[in-house]
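# Reading the structure
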Amino acid sequence: MLLAPPLLANARQPIAPSIAWDQFMHLKKPSWLKAKTWGEFCTKFQHSDGTFDCAHQECLRKADTVDHIKPRSHPDFVELRDYVDDEGRRRRQANPDGAHVLDNLQPMCRSHNSAKGTRPDAYWSSDLYFDRPLDLDKLRASQRDFIYAVMREAGPQMIGRLSQINGKLLSFFQVTGAGKTLGKFALPFGINHGLLEASSGHRPSRIDRVLIVVKDQSLREQLVKELSTEPVQYGIVDQPPMVREATSSSNLITYSKMAGVHFVVCCTQALWGGEDSAITDANRQQLFNAFPVIVFDEMHFATDRIREVVNQATNSLVFGVTASPINGGGLPLDDMVRCSSYGYRQACANDNSMKSLGKAIDRPEGDGLLPVFDDLIEEVMPEEQQFVSGETITRGESGPGRYSLMSAVNVANALIERLHRLDRIRLTGEVSGHRRLRSSDVDDVVGSLSYWSHAILRAYDIDTAKFLVEYINQKLKSNPDLYPPELGWRAAVAHSQGESLDEKTHPWFWSKNHNGELSTEAARILVVKDMACEGINNKLCNVVAWACKPNTMRRVVQANGRAFRSFIKKEDSTLHVPHSHLDRAYILTHFNWGQGESLADRQRPLIDALRFFYNPDSLSGLLSFEDWLANGEEIQEMDFAENDTTVSMYDVLKIVSHLAQCDRTGQRVSLRTIYDMVGCKGGKRQDAVREMAQGLQTGDPQTLRNVQRRYGQFTEATYQGEIAANEKVDVSLSEKMNVDYITSLQNTESLLDKYKDDPEELGRVCSAITPLMRGNYYKAQEMTMQETVTDVCRQVGWKIIHNLQIQTHAGRVYAEVNRAARIIIGVPDEEIFGKDSRFNTPPVILELKRSPTQGMIVGHVLRTLFEEGFIGEEAYFFRLQDLAANQMEDEDDDLN
């Protein structure tokens, strides 16, 4: 078998003008092509001298590219299809390997291959914006050495192969605060400079415009502003780039064709919008061809969609930039190639851009020992918990093992106390050790800075977030002397249902936007649900509190990262840093969020996330960019399967109602009607709604399993265990902490003078005074909620009736909702259950508002209505008959 010869070793040398470049260009195996298929391709098309003829009719040039006859973006290769894998599992995914079969490949010269795109060959002979020189000294190390230099050094392996080395998400892992914005700016310069250096006497195809895709509108606006101004402001380049903000899909198409545009920034919605999108299957390929480079900022947020783009953008290099290139389980994202890693250690050594990660990192005390970060992670320790039933347990006894609102409240209390103590601590003059040990361009470190600490409190759900904000603000307002409102002692909320986190207007950013000052308009405590992860920049934040159990590792890495961006000022070779108590982060959590005897066992998600944050190179099993260029890889299976997480349980009721009505009347099932009923206008949610409707109509087993799981298997409601009504917490301090606390307060100098020669008596006195000064931080507040348990139950019943269109059975529905709620909460038969009962408390109300709890209630009601003959066709689409039949079979088996 003949194989294509490699690129000439002297490719950098000038080429004689009389010799055509085509004679020196040889076809190399594309990285995305399997070795076996490449061998078959060579056998079919390669001549004895190692060359390939261009497949274009009447072309006399030699081929230097492998062309797909039917493009990789063809529906045959990107549409989801059902099949059964080798292990007998039912799968639904695209087949990217289908485009790479021998019958779909042909050799082609670059001229004719380019003609299939948007630019003629002569286009590349002109000077491009990204060919300009950069003042590399003005770039930070993360931008210069870990992005620009990586791409420039790869020039010899990339020349003539830009369409032959795609098919993977080329990824840069950069820690929070590393300077990813200007890193994205330097990226295309690195590619072009490397290609030009590797092609003396030849002007190869290069990068002329870049598409950057971000998560939301605020990030888009921020990035457009920074790209437009900062390159010239910092002296990196002498002419600003032309940057356009694509606010819609039609904008994106317009800017892709506009001459002189260098960067186009859009949100994900513009790239893959709904039915009203201007981007269709017919013009999607042309759109991607206009951008030789596509960059996804914070690429972890939409991995399934990004992988579609990687597969469809066959003439583009697709890059991703993120601080957490991992899935929820801490494993690498699929189809990802590591270009470079820039973690905490590099950021400290090169830029001093990180706060301290604690003594285990600043002053390692053991060789080869993984840090536990026990000086960063502070647990709220319960002494005892009292439950709705009246039972009380002490720490160490077997508890209920479920989420507790009272535990979340006490994490909020610990956060308030932490901020208060940071405000009171005397400036010691000490600085964090790593500032001295790791800084290479600093002659002197001065501990001279101070700032008002800000905090993020992460809640279990939106209702709990709202509750915690109300709780915190009531507590702060009740003691204005201890928590002066003019010093920003206020909490503000942010969540996905209308409470945005705009850096220009949200009160949590007020101090940052006013040079560190505070006022009654500021809110130093931010309570969030599923926000404040990537893209949030507030260096005044140094406390992250978990009022819920940390979930996915990716979310934990991003969430904790908000507290580690350093607050420093550099004057020549002198680095000004905050004092040690501020030049670090604090992570607050709860004893109940984990299981185990030691902190290392209970707080494993937090510890693993901090270890990854410290050293992203620890993420193993990834293909390197160098290996990808040199050897390629056997393409792995790409799974685009969607799930139903964006379809609420009540939306499912609406879908079933429509299907049942059509079944009764013989009407055609209309997806448009379903979209209108659930209120979706395209995007991922519409895809999920369509998959759900089709799965329910066809009886897809996986869809039915998801639905059954959502509704508690449609079984009768069961008691879910104790709900904590109160929690007594150990708030004692060590003697040293008592002394530190009291002596940090104003007007305590006389106390220090009095006992300066008697440290034991000083400790005794401070231990006696501290509880009086601190107050009872953990005292349960009398909190009322606007809703009652009766209101919540009626809302659940009304949603079942309204969405399933069974108004004639309203009385039966309300009765069963109430019965299910009593069972789940554990209300004795002899007690009342309503707004006047002892169960009308925030923990119970929020438990009833949880989606899993409401799912169990709805499932209980539907099964009861079916068994009593109130619903027919609806039961068919839920397959309740099948569940009943299966249950009877199980009972027969038990009898036998």
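### Examining the overall build of the protein chain
From N to C terminus, the protein chain includes 34 helices and 24 strands. Carbon and sulfur atoms make up 47% of the accessible area of the protein chain, which totals about 39,300 Å².

### Notes on helix 22 (residues 649–665)
With 17 residues, helix 22 should cover 24 Å at 1.5 Å per step; its first-to-last C-alpha distance of 25 Å lies within 8% of that length. In terms of burial, helix 22 is largely enclosed, as 12 of its 17 residues are buried. Among the residues of helix 22, those classed as buried are M649, Y650, D651, V652, L653, I655, V656, S657, H658, L659, A660 and C662. Positive backbone phi, approximately 80°, marks G666, located one or two places after helix 22.

### Comments concerning the side chain of T464
By the element assignment, T464 lies in helix 16 (residues 462–477). Engagement of the side chain of T464 in a polar contact is seen with the side chain of D461, the distance being 2.5 Å. The residues touching T464, leaving out its near neighbours within four places in the chain, are Y403, L405, A459 and L846.

### Focus: the sheet that holds strand 12 (residues 377–380)
Strand order in the open sheet formed by 6 strands is 12-22-19-16-18-17, with parallel pairing between adjacent strands. At either margin of the open sheet sits one strand with a lone partner, and together these are strand 12 and strand 17 (491–494). Each strand axis lies, on average, 20° off the axis of its neighbour in the sheet, ignoring direction. Direction of pairing for strand 19 (residues 541–546) relative to strand 22 (residues 586–590): parallel, over a ladder of 3 bridges. By the bridge assignment for strand 22, V543 is matched with Y586.

### Focus on the sheet that holds strand 6 (residues 210–214)
Strand order in the open sheet made by the 8 strands is 7-8-6-9-10-5-11-23, with parallel pairing throughout. Each of the sheet's edge strands pairs with one partner strand only, and the pair in question is strand 7 (243–246) and strand 23 (623–624). Relative to strand 10 (residues 317–322), strand 9 (residues 293–297) runs parallel, the two being bridged by 5 bridges. Within the sheet, the bridge partner assigned to D297 lies in strand 10 and is V321. Each of strand 6, strand 7 and strand 8 (263–267) is contacted by helix 8 (residues 249–257), which is oriented at about 155° to strand 7, the strand it contacts most.

### Looking at a negative patch on the surface
A cluster of acidic residues, E735, D757, D758 and E760, forms a negative patch at the surface. If you trace the backbone, D757 turns up in the loop between helix 27 (749–754) and helix 28 (759–774). When its relative accessible area of 71% is taken as the criterion, D757 is described as exposed.

### Here we look at the environment of L357
Summarising the element assignment, L357 is placed in the loop between helix 12 (344–351) and helix 13 (359–362). Taking the C-alpha atoms as reference points, L357 and F613, separated by 256 residues in sequence, lie 9.6 Å from one another. Beyond its immediate chain neighbours, meaning those up to four positions away, L357 contacts Y344, D362, F373, L376, F564, L610, F613 and Y614.

### A few points about the pattern of salt bridges
As enumerated under the stated definition, the model contains 31 salt bridges in all. Residue D608 is joined to R611 by a salt bridge in which the shortest nitrogen-to-oxygen separation is 3.7 Å. Of this pair, D608 and R611 both sit in helix 20 (residues 604–614), 3 residues apart, which is roughly one turn of that helix. Given a relative accessible area of 28%, D608 falls into the partly exposed group. Overall, the relative accessible area of 18% leaves R611 in the buried class. Residue R764 is joined to E761 by a salt bridge in which the shortest nitrogen-to-oxygen separation is 2.4 Å. Here E761 and R764 lie together in helix 28, a separation of 3 residues that amounts to about one turn. Under the relative-accessibility criterion, E761 is labelled partly exposed at 22%. It is possible to trace a salt-bridge network through shared partners that takes in E716, R812, E816, R819 and E868.

### Regarding the pairing of strand 13 (residues 382–387)
With 5 bridges joining them, strand 13 and strand 24 (residues 724–729) adopt antiparallel strand pairing. Looking across to strand 24, one finds that Q385 is bridged to E727. Inspection of the sheet shows strand 13 paired to strand 14 (residues 392–394) by 3 bridges, in the antiparallel sense. Looking across to strand 14, one finds that E384 is bridged to T394.

### Structural notes on the pairing of strand 22
Of all 5 residues making up strand 22, 5 are buried, and the element is well covered by its neighbours. Side chains Y586, L588 and H590 of strand 22 all project onto a buried face; the interleaved residues I587 and T589 project onto the opposite face, where all are buried too.

### Quick look at the packing of aromatic side chains
One pass over the full model with this rule turns up 23 aromatic pairs. Their ring planes at 75° and their centres at 5.2 Å tell us that W508 and F509 sit as a pair that is edge-to-face. Relative accessible area serves as the criterion here: at 0%, F509 is assigned to the buried category. An aromatic cluster of three or more residues is present, and its members are Y129, F130, F185, F189 and F263. Above the ring of Y586, the side-chain terminus of R584 is found at 3.8 Å from the ring centroid.

### Focus: the nonpolar core
Formed by 83 residues in total, the largest nonpolar core has its most connected members in L357, L415, L457, I472, V527 and W546. For this core, the element with the highest residue contribution is helix 14 (residues 405–424), accounting for 11 residues. Sequence-distant contacts of I472, defined by excluding residues within four places in its chain, comprise A412, I416, L457, A491, I525 and V527.

### Details of the packing of helix 16 against helix 31 (residues 842–849)
The angle between the axes and the distance between the axes are what describe a pair of packed helices. Between helix 16 and helix 31, whose axes approach to 9 Å, the crossing angle comes to 155°. With respect to their mutual orientation, helix 16 and helix 31 come out roughly antiparallel. Contacts from D463, T464 and F467 in helix 16 reach P842, L846 and K849 in helix 31. Tallied by class, residues from the contact of helix 16 with helix 31 come to 3 nonpolar, 1 polar and 2 charged.

### Focus: helix 4 (residues 141–153)
Relative to the 18 Å expected for 13 residues at 1.5 Å per residue, helix 4 spans just 16 Å between its end C-alpha atoms, considerably shorter than the ideal helical length. Along helix 4, the residues classified as buried are A141, S142, Q143, I147, Y148, A149, V150 and M151.

### Considering the packing of helix 6 (residues 180–197) against helix 7 (residues 217–233)
Where helix 6 contacts helix 7, the two axes come as close as 10 Å, and the packing angle between them is 65°. What the angle tells us is that helix 6 and helix 7 run roughly perpendicular. In this structure, the crossing between helix 6 and helix 7 has a hand that is right-handed. For the pair helix 6 and helix 7, contact is made by T181, L182, K184 and F185 and by L223, E226, L227, E230 and P231, respectively. In terms of residue class, the contact of helix 6 with helix 7 is made up of 5 nonpolar, 1 polar and 3 charged.

### With respect to the confidence of the model for the protein chain
When pLDDT is averaged across the protein chain, the result is 81; 81% of the residues are at 70 or more. Long-range and interchain partners of residues 634–645, a stretch whose pLDDT sits below 50, account for 37 contacts in this model, where long-range means more than four residues apart.

### Focus: unusual backbone geometry
The phi dihedral of D572 is positive, around 55°, even though this residue is not glycine. Structurally, D572 can be placed in the loop between strand 20 (569–571) and strand 21 (574–578). Given a relative accessible area of 72%, D572 falls into the exposed group.

### A look at the environment of L169
As for its placement among the helices and strands, L169 is situated in strand 5 (residues 169–174). A sequence separation of 169 residues divides L169 from R338, and the C-alpha atoms of the two residues are 8.6 Å apart.

### Some points on the environment of V792
Along the chain, the position of V792 falls in helix 29 (residues 789–804). Contacts of V792, omitting those with residues within four sequence positions, involve I845, L848, K849 and Q854.

Analysis parameters
- Residues numbered from 1 in each chain as written.
- Predicted model: local features only at pLDDT ≥ 70, side-chain atom pairs only at ≥ 80, totals over all residues.
- Heavy atoms only, no water.
- Helix = DSSP H or I, 4+ residues; strand = E, 2+ residues; numbered from the N terminus.
- Areas by Shrake-Rupley, 256 points an atom, 1.4 Å probe, with all protein chains shown as cover.
- Expected span 1.5 Å × (residues − 1).
- Buried < 20%, exposed > 50% of the residue type's maximum accessible area, 1.4 Å probe, protein only.
- Polar contact = N/O pair within 3.5 Å; in protein donor to acceptor, adjacent residues only side chain to side chain.
- Contact = heavy atoms within 4.5 Å.
- Pairing = 2+ DSSP bridges.
- Axes fitted to C-alpha atoms, helices over the stretch in contact; angles between N-to-C directions.
- Patch = residues over 30% accessible without salt bridge, like charges linked within 9 Å, V, L, I, M, F, W, Y side chains within 5 Å.
- Salt bridge = Lys/Arg side-chain N within 4 Å of Asp/Glu carboxyl O.
- Lys, Arg positive; Asp, Glu negative; His and termini not counted.
- Charge placed at Lys NZ, Arg CZ, Asp CG, Glu CD.
- Phe/Tyr/Trp six-rings, centres within 6.5 Å; stacked < 30°, edge-to-face > 60°.
- Lys NZ or Arg CZ within 6 Å of the ring centre and 35° of its normal.
- Core = buried A, V, L, I, M, F, W, Y, C linked by side-chain atoms within 4.5 Å.
- Parallel < 35°, antiparallel > 145°, perpendicular 65-115°, else oblique.
- Nonpolar A, V, L, I, M, F, W, Y, C, P; charged D, E, K, R; others polar.
- Left-handed = near helix turned anticlockwise from the far one by under 90°.
- pLDDT = per-residue confidence, 0-100.

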